[in-house]
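Structural overview
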Amino acid sequence: MNFVINILGFIKDISELILGRNNKQVPSFSLHNNYSEVFVDYDDDNKKILVAKILLTNLSKATATDFKLEVYDKPKKKFFKFRRKEPNKHLILDNLDYNFCLSACSMNIYVYTDITGIDLSGIKDYFYFKLTFRNEKGDIYSQEFKVGYEYKTNHFVFTDDCRVGPPRLVKRNLRI
């Protein structure tokens, strides 16, 4: 009896895979405002920098691998898109040293910008970034994130302007 149930389950898994209905295979990340933070620090040259520590959690049952930040402007190598048309001064402190992210596991991305000589009380902004990754089958997905932050009551906070888009299939791995 168990053998028949196992065979039926296997047939169902194969048919879902062929029909493309197996959502367990698609990693999906969430941005956690409660565990992310924005703070002021100083670099080695004593410049005042704003650091955004962004915590992403894999909400799916699938493992994600081969993380990369997608480039918005290839000639200028800009990894972030901004509301304002200012020069892109944001840089990545942690260049995604993660090889994989299991289900229900988290990873941090650190982004910083030089705020030397800027009045903190006027800072209210948001930026976008895209993360690309592979699932266990080798398919490549992209997911876009919007991170809003502001200086409020003498410290930085994330705003309600944070959003996470759904993962999009970029390229299917045809070798199975």
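Located above this text is the structure these notes cover.
I will try to describe carefully the structure that is included in this document.

1. Structural notes on the side chain of T159
Mapping T159 onto the fold places it in the loop between β11 (155-158) and β12 (163-164). T159 sits in the buried class, given a relative accessible area of 10%. Setting aside its immediate chain neighbours within four residues, T159 contacts N33, G148, Y149 and E150.

2. Quick notes on the packing of aromatic side chains
Centre-to-centre distance and the angle between the planes together describe a pair of aromatic rings. Tallying each qualifying case throughout the model produces 11 aromatic pairs. Taking 6.4 Å as the distance between ring centres and 65° as the angle between the ring planes, the aromatic pair formed by F80 and F129 counts as edge-to-face. Taken together, the positions of F80 in the loop between β4 (64-69) and β5 (81-82) and F129 in strand β9 (residues 124-134) put the pair 49 residues apart, joining distant regions of the chain. We note that F80, like F129, is buried.

3. Re the side chain of N58
Assignment of secondary structure puts N58 in strand β3 (residues 48-58). A polar contact is formed between the side chain of N58 and the backbone oxygen of C101, at a distance of 3.1 Å.

4. Quick word on unusual backbone geometry
Within the chain, A104 stands out as a residue other than glycine whose phi angle is a positive 65°. With respect to the helices and strands, the residue A104 is situated in the loop between β7 (100-101) and β8 (106-114).

5. Observations concerning the pairing of β3
Judged by how many residues are buried, β3 sits mostly within the fold: 10 of 11 residues are covered. Pairing of strand β1 (residues 29-31) with β3 involves 3 bridges; the strand directions are antiparallel. Residue pairing in the sheet places L31 in a bridge with L56 of β3. Examined bridge by bridge, strand β2 (residues 37-42) and β3 share 6 bridges and lie antiparallel to one another. Bridging from a neighbouring strand, V40 pairs with L50 of β3. Taken together, β2 and the strand that follows it, β3, pair antiparallel across an intervening segment of 5 residues, in which N46 is found at a positive phi of about 65°. Bridging between β3 and β8 involves 9 bridges; their strand directions are antiparallel. Residue pairing across strands places L50 opposite T113, the latter belonging to β8.

6. A word on the pattern of salt bridges
According to the stated counting rule, one finds 6 salt bridges in the structure shown. R172 is the partner of D139 in a salt bridge, and the nearest nitrogen-oxygen pair spans 3.4 Å. Linking D139 in the loop between β9 and β10 (140-152) with R172 in the segment after β13 (168-171), this pair joins segments that are 33 residues apart in sequence. Through salt bridges with shared partners, one network takes in K137, D139 and R172.

What counts and how
Residues numbered from 1 in each chain as written. Predicted model: local features only at pLDDT ≥ 70, side-chain atom pairs only at ≥ 80, totals over all residues. Heavy atoms only, no water. Helix = DSSP H or I, 4+ residues; strand = E, 2+ residues; numbered from the N terminus. Buried < 20%, exposed > 50% of the residue type's maximum accessible area, 1.4 Å probe, protein only. Contact = heavy atoms within 4.5 Å. Phe/Tyr/Trp six-rings, centres within 6.5 Å; stacked < 30°, edge-to-face > 60°. Polar contact = N/O pair within 3.5 Å; in protein donor to acceptor, adjacent residues only side chain to side chain. Pairing = 2+ DSSP bridges. Salt bridge = Lys/Arg side-chain N within 4 Å of Asp/Glu carboxyl O.

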